[in-house]
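Below, each chain spelled out in residue letters.
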Amino acid sequence: MDNQHASPCPDTLTELRERTRAFARERDWEQFHTPKNLAMALSVEVAELAEHFQWLRTGADDELDDAKRAGIRHELADVLLYLVQLADRTGVDLRAAALEKIALNAAKYPADRVRGDARKSTQY
Ligand SMILES: [Mg+2]
């Protein structure tokens, strides 16, 4: 089976964390990577990602060209890398936090109750 599209292994985020630590350390940039600065940088990267979809009808693949796809790929990477760094600086195990949140969302939005309904839990 093609492993390229399999779920990330548990070590993937750890590897990215180590690579971002080394990248910052080699440049003496750790001093700038406060939680506040990383949160702001993350927010900027999310906006840069959203900009690629701005004014498109849906952002589906048929509306994108290769340059746009590359831009989206790079902004997604920027978002992930700042997210990993922010989690590192705040002591959050991202994988555990994500699994915890999926479980919380499953309890908040039971499938048999919300199937096909996009409203927030406070709207029904
Ligand atoms: Mg960017």
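Scroll up a little and you will see the structure.
Residues numbered from 1 in each chain as written. Predicted model: local features only at pLDDT ≥ 70, side-chain atom pairs only at ≥ 80, totals over all residues. Heavy atoms only, no water.

A few words on the overall build of the chain. Of regular secondary structure, the chain possesses 5 helices and 0 strands. Counted from the first residue to the last, the chain has its helices and strands arranged as α-α-α-α-α. Taken over the C-alpha trace, the chain has a radius of gyration of 18 Å; the compact-globule value for 124 residues is 14 Å, which it surpasses by more than 25%. With respect to the principal axes defined by its C-alpha atoms, the chain has extents near 50 × 40 × 35 Å. Sorting the 124 residues of the chain into buried and exposed places 17% on the buried side. (Helix = DSSP H or I, 4+ residues; strand = E, 2+ residues; numbered from the N terminus. Rg over C-alpha atoms; globule rule 2.2 N^0.38 Å. Buried < 20%, exposed > 50% of the residue type's maximum accessible area, 1.4 Å probe, protein only.)

Below, the discussion takes up the coordination of the magnesium ion. The magnesium ion binds to the protein through Glu45 (OE), Glu48 (OE), Glu75 (OE) and Asp78 (OD); the donor distances cover 2.1 to 2.2 Å. Here the donor residues of the magnesium ion are spaced in sequence according to E-x2-E-x26-E-x2-D. Highlighted residues: glutamate 48 in helix H2 (residues 35-51) and glutamate 75 in helix H3 (residues 66-90), separated in sequence by 27 residues. (Donors = N, O, S within 2.8 Å, 3.2 Å for Na, K, Ca; no water.)

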